[in-house]
Amino acid sequence: MKKPKKNVRVTLQEVADHAGVSTTTASLVVRNNPRISEATRNKVLASMEELGYVYDRVAANMRSQNSNIIGVIVTDIANKFISEFLIGVQNTLEGFGYTVLLGTTFDSVEKQQKLISTMVEHRVDGLILNPASRSVGKTAKQLNNLKIPLVLANRELTDVHADYVGIDYPEGTYKAISHLISKGHEKIAFLGGVKNSSTWTERMEGYRMAHENANLTHDESLVIDSEPTDKGGEEAALKMLDLPEIPTAIFCFSDLIAFGVMKVLTQKGIVIGRDIDIVGFDNIPEAEIYHPPLTTVSSYPKSIGNQAAKLLHSKVKRESEEMHRVILKPQLVIRETSK
């Protein structure tokens, strides 16, 4: 009886012999070197396919000391802002020839710590991190001890020595609140977001500044925090409706919060845009098609992702040793919820 053939990995030498080229030429084809002619490239690729050659990336990484893999850790890919951010990151990194290793924390600091360790174990060349809302000192220590390039995105951690890309949250919130004040609103709620996280604190700065510049005193009872989800928006709205006097306008931490708020108010028979005005933050695609269409602040997640990827690439290639802080300018988009 004939013994079954062992599953032996095809070598690059066998590919070269089959294609009638040198091993060096076959290696250059694998690495997509532009010096190789199209005819030779096609001949080598045809031999690879026929022989079933699989590139041994682990061995190549050990030789080059680079994995060509970038770790990307985000809070929740179901969040449209995060998915748009990831599109910007992945498109840019793939353009540089990297493979993306993605991890999701679901806004858990514990999951985040484990994922960071896992990324390092997989020898990623660099890391882009969208930090969990409640990232604390332990996280800062872990990140500052990393031996690979790191870029923080969307949420800044002041104790971490890393590059950062995000939006100007104070200015975006200032524009939103100033717009509502210009319509005659004096009682403006601020709903949603994790209190004292950097993104909440920076929005709060813009909220206070807009009130001060209009010589208005903001009511602390109208500031209600919650998880940054549509469910969190529903919970914040219900708390607001329990107040002795409800506001005439609402600024929401994010569009997702706004959708939850709008759902509750509509169920209570409150007509948005007539009985109460609402402004969101992020301008995710659903904001324009929601009913009614949501006034919101564009925070350009794809552009943030693109800039974060470019910045990390420059760090991996050691093109820049300086620390960078890239802040994009927001834009207020006025729609039916606050016309």
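Residues numbered from 1 in each chain as written. Predicted model: local features only at pLDDT ≥ 70, side-chain atom pairs only at ≥ 80, totals over all residues. Heavy atoms only, no water.

**Student:** So what's going on with the packing of helix α8 (residues 169-182) against helix α9 (residues 198-213)? Residues and values would help.
**Tutor:** Here α8 crosses α9 at 40°, and the two axes come no closer than 7 Å. The orientation of α8 with respect to α9, classified from their angle, is oblique. Crossing handedness for the pair α8 and α9: right-handed. When α8 is examined against α9, the residues Tyr169, Pro170, Thr173, Tyr174, Ile177, Ser178 and Ile181 are found in contact with a partner set consisting of Thr199, Glu202, Arg203, Glu205, Gly206, Tyr207, Met209, Ala210, His211 and Asn213. For the contact of α8 with α9, a count of residues per class yields eight nonpolar, six polar and three charged. (Axes fitted to C-alpha atoms, helices over the stretch in contact; angles between N-to-C directions. Helix = DSSP H or I, 4+ residues; strand = E, 2+ residues; numbered from the N terminus. Parallel < 35°, antiparallel > 145°, perpendicular 65-115°, else oblique. Left-handed = near helix turned anticlockwise from the far one by under 90°. Contact = heavy atoms within 4.5 Å. Nonpolar A, V, L, I, M, F, W, Y, C, P; charged D, E, K, R; others polar.)

**Student:** Outline the pairing of strand β8 (residues 249-252), supporting the account with residue identities and numerical values.
**Tutor:** Looking down a regular strand, the side chains alternate between one sheet face and the other. Across the two faces of β8 the burial is the same, with Ala249 and Phe251 and Ile250 and Cys252 all buried. Of the strand pairs in this sheet, strand β6 (residues 188-191) and β8 are connected by four bridges, and their pairing is parallel. The residue of β8 that forms the bridge with Ala189 is Ile250. Pairing between β8 and strand β9 (residues 277-279): three bridges, direction parallel. Its bridge partner lying in β9, Ala249 is registered against Asp277. Taken together, β8, helix α11 (residues 255-267) and β9 form a β-α-β motif whose crossover is right-handed. (Buried < 20%, exposed > 50% of the residue type's maximum accessible area, 1.4 Å probe, protein only. Pairing = 2+ DSSP bridges. Right-handed = clockwise from strand over helix to strand, strands pointing away.)

**Student:** Any details on the pattern of salt bridges? Residues and values, ideally.
**Tutor:** Scanning the model with the defined rule gives twelve salt bridges in all. Taking the shortest distance from any N to any O, the salt bridge between Glu234 and Lys263 comes out at 3.5 Å. Of this pair, Glu234 sits in helix α10 (residues 230-241) while Lys263 sits in helix α11, and the two are 29 residues apart along the sequence. A salt bridge links Arg274 to Asp275; its shortest N-O distance comes to 3.0 Å. Residue Asp275 is classed as partly exposed on the basis of its relative accessible area of 37%. Each of the salt bridges in this network shares a partner with another, and the network as a whole consists of Asp168, Glu171, Lys175 and Lys329. (Salt bridge = Lys/Arg side-chain N within 4 Å of Asp/Glu carboxyl O.)

**Student:** Now, about the sheet that holds β9: what can you tell me, with residues and values included?
**Tutor:** If you walk across this open sheet you meet the four strands as β7-β6-β8-β9, and the pairing is parallel. In this open sheet, the two edge strands, each paired with only one partner strand, are β7 (223-224) and β9. Contacting β6, β7 and β8, α9 runs over the sheet at an angle of about 175° to β6. Sheet strands in contact with α10 are β6, β7 and β8, and its direction is about 145° off that of β6.

**Student:** Before we move on, could you go through the nonpolar core and cite the residues and values that matter?
**Tutor:** In terms of nonpolar packing, the biggest core is built from 83 residues, with Ile128, Ile250 and Ile278 touching the most fellow members. Here Ile128 is in contact with Gly71, Val72, Ile73, Phe85, Val89, Leu93, Val151, Ala153, Ala308, Ala309 and Leu312, once residues within four sequence places are set aside. Judged by nonpolar contacts, the second largest core, of 13 residues, contains Val10, Ala19, Leu28 and Val44. (Core = buried A, V, L, I, M, F, W, Y, C linked by side-chain atoms within 4.5 Å.)

**Student:** Hey, could you go over the side chain of His185 for me, with residue numbers and the actual values?
**Tutor:** Inspection of the secondary structure assignment puts His185 in the loop between α8 and β6. Not counting the four nearest positions on each side in its chain, His185 is found in contact with Leu180, Leu216, Thr248, Ala249 and Asp277.

**Student:** Pulling in residues and values, what's your account of the sheet that holds strand β4 (residues 150-153)?
**Tutor:** Spatially, six strands are ordered β2-β1-β3-β4-β5-β11 in an open sheet, and the strand pairing comes out parallel. Across the chains shown, the open sheet's two edge strands, defined by having one partner strand only, are β2 (99-104) and β11 (325-328). Taking each pair of neighbouring strands and ignoring which way they run, the sheet shows an average axis angle of 15°. Pairing analysis gives three bridges linking β4 to strand β5 (residues 163-167), with the strands arranged parallel. Each residue of the ladder has a partner; that of Ala153, found in β5, is Val165. Docked against the sheet, helix α13 (residues 301-316) engages β1 (69-74), β3 (126-129), β4, β5 and β11, running at close to 170° with respect to β5.

**Student:** I'd love a proper account of the side chain of Ser47, names of residues and values included.
**Tutor:** Along the chain, Ser47 turns up in helix α3 (residues 38-51). Within the local environment of Ser47, its side chain forms a polar contact with the side chain of His18, the two groups lying 2.8 Å apart. Look past the residues within four positions of Ser47 in its chain and what remains in contact with it is Val15, His18 and Ala19. (Polar contact = N/O pair within 3.5 Å; in protein donor to acceptor, adjacent residues only side chain to side chain.)

**Student:** Let's hear about the packing of aromatic side chains: which residues, and what values?
**Tutor:** Here a ring pair, both rings aromatic, is described through the centre-centre distance and the interplanar angle of the planes. Taken as a whole, this structure holds six aromatic pairs when the rule is applied. Consider the rings of Phe190 and Trp200, whose centres lie 5.8 Å apart with planes at 20°: the pair is stacked. Taken as a pair, Phe190 in strand β6 and Trp200 in helix α9 lie far apart in primary sequence, ten residues in all. Take Phe190 and Trp200: they sit in the same class, and that class is buried. Ring centres 5.5 Å apart and planes at 50° place the aromatic pair Phe190 and Tyr207 in the tilted group. Highlighted residues: Phe190 in strand β6 and Tyr207 in helix α9, separated in sequence by 17 residues. For the pair formed by Phe190 and Tyr207, the shared burial category is buried. A connected cluster of aromatic rings, assembled from ring pairs, spans Tyr169, Phe190, Trp200, Tyr207, Phe251 and Phe281. (Phe/Tyr/Trp six-rings, centres within 6.5 Å; stacked < 30°, edge-to-face > 60°.)

**Student:** I'd like to hear about unusual backbone geometry, residue by residue, with values.
**Tutor:** Of the consecutive residues His291 and Pro292, the connecting peptide bond is found in the cis state with omega at -10°. If you check the backbone angles, Tyr300 has positive phi at about 50° while not being a glycine. Inspection of the secondary structure assignment puts Tyr300 in the loop between β10 (296-298) and α13.

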